[in-house]
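# Understanding the architecture of this molecule
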Amino acid sequence: MATDSSGVESPARVILDDHAITKSPTDQRSYRIIELDNALRCVLVHEPEARQSSAALAVAAGHFHDPNNAHGLAHFLEHMLFLGTEKYPDANSYQAFISGHGGNHNAWTGTEFSNYYFNIDAAYFDQALDRFMRFFHQPLFDEKWVAKELQSIESEFQLKRQDELRRLYQVHKATSNPKHPFSKFSVGNLTTLKDSPQATLRQQLLRFFERWYCARRMTLVLVGPQSLEQLAEMAQRHGQSIQSGCADMLYLNDPLYLPEQLGVELHVKPLKDARRLIITFALPGIDDDYANKTTSYIAHLLGYEGPGSLYGYLRDQHWINSLAAGGGISGSNFKDFNINMQLTDQGMANRDAIIAAIFSYIQTIRESGVTPWRYDERRVSVMNAFHFQEQPRASDLAPQLAVNLHHYLAEDIIFGDYRMDGLFEPKLRQFLDCMQPDNMRVTVIHKALETDRVEPIYGTHYAKQPISIERQTAYVKHAPIPASLPDANIYLKVPWQLQTIAANEATEIPEKSLVTPGLESWHLHDLDFRQPKAHLYLGLQLPKVIATPVSFAQARLWCELMLDKLNEQCYDAEIAGLHFNLYPQQQGITLHVSGPAYYVPQLAETLIHSMAAPKFCQQRWMDLRQRLLTNWRQALLHKPLNFLFSYLNVQLQPHTFSVLQLAEELEQMDFTVFNQTNGALFQQATAKMFAHGDLHDSQLEPVHSALTDWLGLTEQRPVADLTPAPLSKLQQPLKVQTQHPDHAVIAVVQSLDTSTLNQGIFMLMNYVLQPKFFAQLRTEQQLGYLVGTTYLPMQEHPHLLFYVQSSRVDGDTIESAIREFFGAMDKTMADISEEEFRKAQQSLTQQLTEKDSSLRSRSQRLWSAITQQDFDFSRLNRISDDIKQMTFEHFSISVKQLFNNSSSQMFLSASPMNFDRSR
């Protein structure tokens with residue numbers, strides 16, 4: 001026990017209290033950082049009104065720590081920790097307890113860290129911690145589950161074999177320094193994880209655990225409505241049993257790349273059609289630069305997309321469709337700085353000119369970018385985001401803080417992601433000096449490239465060759481390009497300030513006004529989230545858009561072209577925190593604008609004026625049309641579950657079209673006809689608008705005027721009928737073939753009863769059956785890595801989906817297992833106790849009535865209610881009331897009836913065509 005300054009015994013040493021931790025003015029939580037006697041550092045977060053609590057534990061042990069003869073061991077250990085401890089040996093007990101009390105859990109294994117986390121109804125937090133914390137001092141590593149969970153690791157590996165990012169990542173590893181731990185295979189499979197002459201797999205797990213899993217290498221975060229003192233007591237009681245010390249830190253001394261691995265060009269052949277160019281500069285580690293964020297500033301300049309930008313120049317040459325700067329792997333002694341571009345066909349033929357243009361722009365940054373005012377402007381934007389940030393949910397906050405405490409000073413665990421102290425010129429010069437051709441890796445991704453090597457784990461075809469001195473010299477001696485650094489951002493000139501609330505304004509639920517017969521406007525000046533932010537949704541009901549696949553495909557391309565056109569015009573707004581999106585949906589087209597409230601109506605008006613009379617460039621039309629066609633045609637290469645979800649959506653929902661059908665229609669379209677017929681898409685339009693946040697009604701009048709000037713909106717028209725199709729009227733069984741090697745099955749249970757009581761029954765079914773389905777088909781039978789259930793309401797028609805994707809068994813086996821699960825429903829319901837049902841009721845009603853966590857989540861909920869015609873905004877409360885009043889007998893009878901009625905069920909399956917997995 002330690003003693004605080006008042007002389008009172010406390011369970012641990014206080015490192016920092018709330019007043020010493022930098023947090024946003026909008027953050028009403030209280031924080032404390034303590035250290036237990038065993039050196040476990042803990043962040044305690046008191047959130048008085050929270051209904052759930054959350055915990056996360058991050059350990060400085062990732063795949064970099066894998067033994068050389070057991071790649072993937074850290075990842076395998078992460079899986080195994082969930083499968084039983086000395087006090088709780090049942091492998092399913094943790095999952096059952098968390099899900100049975102309204103929670104979720106997960107974990108990930110990274111390069112140098114692993115993170116475990118869960119959330120649960122607050123009343124059960126202490127019991128959940130008792131189960132969770134035992135992972136870290138008394139795991140069983142039961143031989144039975146070692147063998148079974150190894151199949152899950154193999155399934156995860158097989159699942160990722162077709163993942164383009166994973167395949168590229170492994171080529172990256174294969175072409176890096178073999179002495180650097182980055183080169184290790186992180187996932188693991190049956191080949192890398194096995195008994196050795198020196199130790200069984202279980203013994204290897206134990207050795208890894210004992211070497212790397214100790215309190216000195218861990219950080220724990222507890223978030224909940226419990227007081228800081230109660231949270232400290234829980235941390236002490238559940239955390240003190242973890243061993244204090246173990247191995248020293250893993251120091252990375254070897255460079256990420258050998259000299260011959262720099263100044264090179266990699267050619268990578270993807271499975272899907274892709275045209276991508278990635279320029280990578282090898283930088284030193286940046287952990288010591290978090291207070292200045294120099295690479296973030298460089299990325300801001302290189303990735304700028306406003307007028308006169310590098311992106312604008314390359315786009316106007318018709319060489320690229322997108323550009324992103326600053327991403328790339330990073331670790332203790334390395335940082336990859338990437339410039340990632342999606343190319344056009346012309347861009348593929350002009351790659352050297354693109355690279356030369358990038359070096360020209362980097363030189364511009366050297367000459368003109370080392371200017372404090374530009375850095376300070378970027379800092380203003382970041383500080384606005386921090387000072388008015390929407391608070392993350394406890395379930396997201398806990399794992400974030402657990403990792404942050406490893407990387408940042410304790411006082412910066414919240415602020416560290418935003419901190420920008422000033423432009424540190426020596427560091428900026430150092431990084432810019434690294435951006436030279438001989439310190440560069442060029443990666444080109446395209447199916448037509450010549451390759452001469454095969455990466456052995458994922459089977460990716462690639463080639464590596466040095467970039468000649470002549471090419472390197474040509475890059476830096478290229479004539480300057482007509483591109484300049486960003487000018488001052490006008491959207492950052494007006495400080496974000498709150499407005500007063502007018503006496504006659506709606507402040508509880510949105511209030512509707514009928515601006516014209518065809519324009520319905522809803523408004524809510526929010527009192528709870530007093531931030532100078534706003535969201536504006538505009539839903540255009542366009543019967544011409546949803547009438548046919550060809551018009552819907554045209555509308556999708558129109559939206560892509562508009563976003564492309566508006567991106568440059570409004571990019572400064574984007575940097576200042578204003579965001580917009582434009583997309584077609586089942587009733588027409590939706591525009592969403594969000595950001596600082598002062599500018600949201602202004603930007604919305606600007607966008608509407610631009611949408612009213614656009615002029616499109618034919619070459620950009622061709623580029624974006626090709627991009628859409630490529631994406632749509634590759635649907636059969638998607639994960640089969642994703643394809644089946646999309647396929648199900650098309651089968652059930654009116655005015656929804658398959659991407660393959662859309663691709664066929666778009667292929668036939670030409671630029672002239674496109675321009676001639678665009679206006680017809682917006683005939684017979686009506687509109688619904690919703691403005692929410694720190695906005696007055698009067699600020700919306702220019703938006704209303706812009707809309708009526710464009711579309712008229714003089715008539716009220718019927719809303720499109722979106723009633724989903726009854727399963728009984730669909731052709732069954734539905735079987736499709738894909739070009740992915742996995743099998744997948746989705747089983748659907750549908751009800752045509754749209755009462756809130758019936759919706760509540762389906763929500764309860766999902767809640768109760770999900771852990772049982774997962775335990776039986778995933779944990780016990782190991783049928784696949786992706787196994788679960790989901791509740792899917794369509795226009796208030798409830799659906800429950802059961803899904804499995806597998807690389808181990810075929811669709812018939814999966815379907816048989818799901819049918820067996822359905823057939824045993826009477827027994828499953830008989831095994832559910834009244835207490836289990838009561839807890840499910842309690843958790844669900846809490847979730848349904850929980851206060852909105854942010855302005856964004858409230859805006860989304862209210863807009864969804866408006867589009868669903870829930871005009872009193874009470875549907876979730878009514879469902880909650882029905883769940884509260886439901887008896888277990890009524891629930892049990894309803895469930896049995898649903899699962900005994902085959903006409904309310906449908907099975908969709910996806911199986912692979914002939915497909916070469918080695919490509």
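Values in this document were obtained by computation on a predicted structure and should not be read as measured data.

## Structural notes on the sheet that holds strand S27 (residues 797–806)
The five strands lie next to each other as S24-S28-S25-S27-S26, forming an open sheet whose pairing is mixed. Where the open sheet ends on each side, the last strands, each with one partner, are strand S24 (734–738) and strand S26 (786–794). Here the strands of the sheet are splayed against their neighbours by 15 degrees on average, with no regard to which way each runs. Where S24 and strand S28 (residues 905–912) come together, five bridges link them in parallel fashion. Considered in S28, the bridge of leucine 734 is made with leucine 908. Sitting on the sheet, helix H20 (residues 640–652) touches S24, strand S25 (743–750), S26, S27 and S28, and the angle it makes with S25 is about 35 degrees.

## Brief notes about the sheet that holds strand S18 (residues 511–516)
Pairing is mixed across the open sheet formed by six strands, whose spatial order is S18-S19-S23-S20-S22-S21. The open sheet has two free edges, formed respectively by S18 and strand S21 (579–585), since each of these has just one partner strand. Each neighbouring strand pair of the sheet contributes to a mean axis angle of 15 degrees, computed without reference to strand direction. Sheet topology note: the strand S19 (residues 519–525)/strand S23 (residues 686–693) ladder contains seven bridges and is parallel. Among the inter-strand pairings, leucine 519 is bridged to a residue of S23, identified as alanine 687. Sheet strands in contact with helix H18 (residues 600–612) are strand S20 (533–541), S21 and strand S22 (588–596), and its direction is about 145 degrees off that of S22. Docked against the sheet, helix H28 (residues 855–867) engages S19, S20, S22 and S23, running at close to 155 degrees with respect to S23.

## Some thoughts on the state of the cysteines
Applying the stated criterion across every chain yields a total of one disulfide. For cysteine 214, the disulfide goes to cysteine 246, at an S-S distance of 2.0 Å. Here the disulfide of cysteine 214 and cysteine 246 is left-handed, its torsion about the S-S bond being about -65 degrees. Placement of the pair is cysteine 214 in the loop between helix H6 (201–212) and strand S9 (218–224) and cysteine 246 in the loop between helix H7 (228–239) and strand S10 (264–268), with a sequence separation of 32 residues. Here cysteine 42 stays unpaired: no disulfide links it, and the sulfur of cysteine 214, its closest cysteine neighbor, is 14 Å away. By relative accessible area, which is 0% here, cysteine 42 ends up buried.

## Notes on the packing of aromatic side chains
Inspection of every chain in the model, using the stated rule, returns 52 aromatic pairs. Between the aromatic rings of phenylalanine 118 and phenylalanine 125, the centroid separation amounts to 5.9 Å while the plane-to-plane angle is 55 degrees, which identifies the pairing as tilted. Judged on exposure class, the residue phenylalanine 118 and its partner phenylalanine 125 are both buried. Ring geometry for phenylalanine 386 against tyrosine 418: centres 5.0 Å apart, planes inclined by 50 degrees, an arrangement best described as tilted.

## A look at the packing of helix H4 (residues 143–160) against H6
Axis separation between H4 and H6 bottoms out at 10 Å; the angle between their running directions is 95 degrees. The angle between H4 and H6 falls in the class roughly perpendicular. Across from Glu143, Val146 and Leu150 in H4, the residues of H6 making contact are Leu201, Arg202 and Leu205. Residue composition of the contact of H4 with H6, grouped by class: four nonpolar, no polar and two charged.

## A closer look at helix H12 (residues 372–387)
Between its first and last C-alpha atoms H12 spans 21 Å; for 16 residues at 1.5 Å apiece the expected length is 22 Å, and the two agree. Among all positions in H12, only Arg374, Tyr375, Glu377, Ser381, Val382, Met383, Asn384 and Phe386 are buried. Buried residues belonging to H12 abut helix H8 (294–303), helix H11 (351–368) and helix H17 (571–575).

## Considerations on the environment of lysine 512
Following the sequence through the fold, lysine 512 ends up in strand S18. Relative accessible area serves as the criterion here: at 46%, lysine 512 is assigned to the partly exposed category. Spatially, the C-alpha atom of lysine 512 lies 39 Å from that of proline 307, the residues being 205 residues apart in sequence. Among residues more than four places away in sequence, those in contact with lysine 512 are Glu520, Ser521 and Trp522.

Rules behind the numbers
- Residues numbered from 1 in each chain as written.
- Predicted model: local features only at pLDDT ≥ 70, side-chain atom pairs only at ≥ 80, totals over all residues.
- Heavy atoms only, no water.
- Pairing = 2+ DSSP bridges.
- Helix = DSSP H or I, 4+ residues; strand = E, 2+ residues; numbered from the N terminus.
- Axes fitted to C-alpha atoms, helices over the stretch in contact; angles between N-to-C directions.
- Contact = heavy atoms within 4.5 Å.
- Disulfide = S-S within 2.5 Å.
- Buried < 20%, exposed > 50% of the residue type's maximum accessible area, 1.4 Å probe, protein only.
- Phe/Tyr/Trp six-rings, centres within 6.5 Å; stacked < 30°, edge-to-face > 60°.
- Parallel < 35°, antiparallel > 145°, perpendicular 65-115°, else oblique.
- Nonpolar A, V, L, I, M, F, W, Y, C, P; charged D, E, K, R; others polar.
- Expected span 1.5 Å × (residues − 1).

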